[in-house]
Amino acid sequence: MPVLEQNGTKIWHRRTRQESLVRWFGWLLGIAVFMLCWQKISAATTWFFVWDAPRIAGDIWTRATPPKWDYVTQLGRPIWDTLNIATLGTLISLCFAVPVAFMAARNTTPSRMFIRPIALLIIVATRSINSLIWALLLIAIIGPGVFAGVVAIAIRSVGFCAKLLYEAIEEIDESQVEAITATGASRWQVMAYGIVPQILPAFAGVAVFRWDINIRESTVLGLVGAGGIGLQLQSSLNVLAWPQVSLILVVILCAVVIGEWVSAKVRGAII
């Protein structure tokens, strides 16, 4: 803390004058940027609809309640497709994420100069594009349906799982690896008995956590034609069948809550 003398008395200050000026300049710059952004947003916003939003929301709520409970008989197959999309997509992503993670980790990659950058590029590329975008691209390539949703979820999950796994690989206890290496074990034996047992808890946790996330993401893939319950939601929205929409939202909420409960139980058992 800087010390200033005033009339022979030492006064303690948290920051110097220069540091205070820099701090105030930063605040003023932030406010100016915020005001500029707000001005741009305001110019592109139709405020009449914003002020009228509570009335519209109330009108939709009135039309959507009570839900059309007898429509639930038609949601069994779509919600099952949604669960299959999340589960199969997660399993496929793990099959690709594991080798990518080993190639990306500094202590297991065959080449830090060539192989590791490629693995990191795969991780970044698959994580940077949302699953809806992947679904749109895949629908244009292989057509609409559940298979496009499975592949979209799988591609989106590869980077997420591989990133967490390669970080877990880099954090292993090297003394165990050295002990197994000292016995004359091959590279694959070292990996199987020195590395894999240490990352198994992290692998199981990542798999369950990603499956929980994929359940949420797969519920909306149907909005772009990738199958699942989102397809029923889109169809109901197109014909303004609000009681059906409210029931579908209730079913989605129940599926997400159950997935969260299962995920929490499994992670608790692993940890």
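All of the points below concern the structure found in this document.

Within the chain one finds eleven helices and two strands. Taken from N to C terminus, the helices and strands of the chain fall in the order β-β-α-α-α-α-α-α-α-α-α-α-α. For 271 residues, the compact-globule formula gives about 18 Å, and the C-alpha radius of gyration of the chain, at 27 Å, lies well above that figure. Its C-alpha atoms put the chain at 75 × 75 × 40 Å along the principal axes. By the burial criterion, 34% of the 271 residues in the chain qualify as buried. Within the chain, contacts between residues at least 6 apart in sequence are counted, and of these 68% link residues at least 24 apart.

A few words on helix α9 (residues 187-218). Its 32 residues place the ends of α9 only 39 Å apart at the C-alpha level, less than the 46 Å of an ideal helix rising 1.5 Å per residue. When the local axis directions of α9 are compared, the greatest deviation, roughly 50°, occurs at Val196, which is followed within four positions by the proline Pro197.

Negative phi characterises most residues that are not glycine, and trans characterises most peptide bonds. Backbone torsion omega between Thr65 and Pro66 reads -5°, so that peptide bond is classified as cis. Turning to its location among the elements, Pro66 is positioned in the loop between α3 (53-64) and α4 (76-104). With a phi close to 55°, Leu240 is a non-glycine residue in the positive phi region. With respect to the helices and strands, the residue Leu240 is situated in the loop between α10 (229-238) and α11 (242-270).

The relative placement of two packed helices is expressed as an angle between their axes plus a distance between the axes. Closest axis-to-axis distance for the helix α8 (residues 174-182)/α9 pair is 9 Å, and the angle between their directions is 160°. Judged on the interaxial angle alone, α9 and α8 are roughly antiparallel. As for how α8 packs across α9, the hand of that crossing is right-handed. Only Gln189, Val190, Tyr193, Gly194, Ile195 and Gln198 of α9 make contact with α8, whose side of the interface consists of Gln176, Val177, Ile180 and Thr181.

Moving on, we come to the environment of Ala125. Mapping Ala125 onto the fold places it in helix α5 (residues 115-128). For the pair Ala125 and Gly159, spaced 34 residues apart in sequence, the C-alpha separation works out to 7.5 Å.

A word on the pattern of salt bridges. Under the definition given, this model contains nine salt bridges. For Arg77, the salt bridge goes to Asp81, with nearest N and O atoms at 3.2 Å. Taken together, the residues Arg77 and Asp81, both in helix α4 and four residues apart, mark about one turn of the helix. For Arg77, a relative accessible area of 61% puts it in the exposed group. Among the salt bridges present, the one from Arg106 reaches Glu170, with a minimum N-O distance of 3.5 Å. Taken together, the residues span a long stretch of sequence, with Arg106 in the loop between α4 and α5 and Glu170 in helix α7 (residues 146-170) at a distance of 64 residues. Residue class for Arg106 comes out partly exposed when judged on its relative accessible area of 44%.

Residues Leu28, Ile31, Phe34, Met35 and Trp38 make up a contiguous nonpolar surface patch of about 560 Å² in total accessible area. We classify Trp38 as partly exposed; its relative accessible area is 43%.

Across the interface, α4 lies against α9 with an axial gap of 9 Å and an inter-helix angle of 145°. As for how α4 packs across α9, the hand of that crossing is right-handed. Within the contact between the two elements, α4 uses Thr82, Leu83, Ile85, Ala86, Thr87, Thr90, Leu94, Val98 and Phe102 and α9 uses Met191, Ile195, Val196, Ile199, Phe203, Ala207, Arg210, Trp211, Asn214, Ile215 and Ser218.

Right, let's talk about the environment of Ile60 for a bit. Its location among the elements puts Ile60 in helix α3. According to the relative accessible area criterion, Ile60 is partly exposed, its value standing at 29%.

On to the environment of Phe34, then. Note that Phe34 resides in helix α1 (residues 17-43). Along the sequence, Phe34 and Ala154 sit 120 residues apart, while their C-alpha atoms lie 38 Å from each other.

In this description, an aromatic ring pair is defined by two values, namely the gap between the centres and the angle between the planes. Within the structure shown, the criterion is met by one aromatic pair. A cation over a ring is seen here: Arg210 above Phe160, with NZ or CZ 4.8 Å from the ring centre.

We now examine the side chain of Ser246. By the secondary structure assignment, Ser246 is in helix α11. In this structure Ser246 comes out as buried when scored by relative accessible area, which is 13%. Engagement of the side chain of Ser246 in a polar contact is seen with the backbone oxygen of Ala64, the distance being 2.8 Å. At 2.8 Å, the side chain of Ser246 and the backbone oxygen of Pro243 are in polar contact. For Ser246, the contacting residues outside a window of four places in its chain are Ala64 and Pro67.

Reading guide: rules and limits
Residues numbered from 1 in each chain as written. Predicted model: local features only at pLDDT ≥ 70, side-chain atom pairs only at ≥ 80, totals over all residues. Heavy atoms only, no water. Helix = DSSP H or I, 4+ residues; strand = E, 2+ residues; numbered from the N terminus. Rg over C-alpha atoms; globule rule 2.2 N^0.38 Å. Buried < 20%, exposed > 50% of the residue type's maximum accessible area, 1.4 Å probe, protein only. Contact = heavy atoms within 4.5 Å. Expected span 1.5 Å × (residues − 1). Bend = angle between axes of the 7 residues up to and from the residue. Axes fitted to C-alpha atoms, helices over the stretch in contact; angles between N-to-C directions. Parallel < 35°, antiparallel > 145°, perpendicular 65-115°, else oblique. Left-handed = near helix turned anticlockwise from the far one by under 90°. Salt bridge = Lys/Arg side-chain N within 4 Å of Asp/Glu carboxyl O. Patch = residues over 30% accessible without salt bridge, like charges linked within 9 Å, V, L, I, M, F, W, Y side chains within 5 Å. Areas by Shrake-Rupley, 256 points an atom, 1.4 Å probe, with all protein chains shown as cover. Phe/Tyr/Trp six-rings, centres within 6.5 Å; stacked < 30°, edge-to-face > 60°. Lys NZ or Arg CZ within 6 Å of the ring centre and 35° of its normal. Polar contact = N/O pair within 3.5 Å; in protein donor to acceptor, adjacent residues only side chain to side chain.

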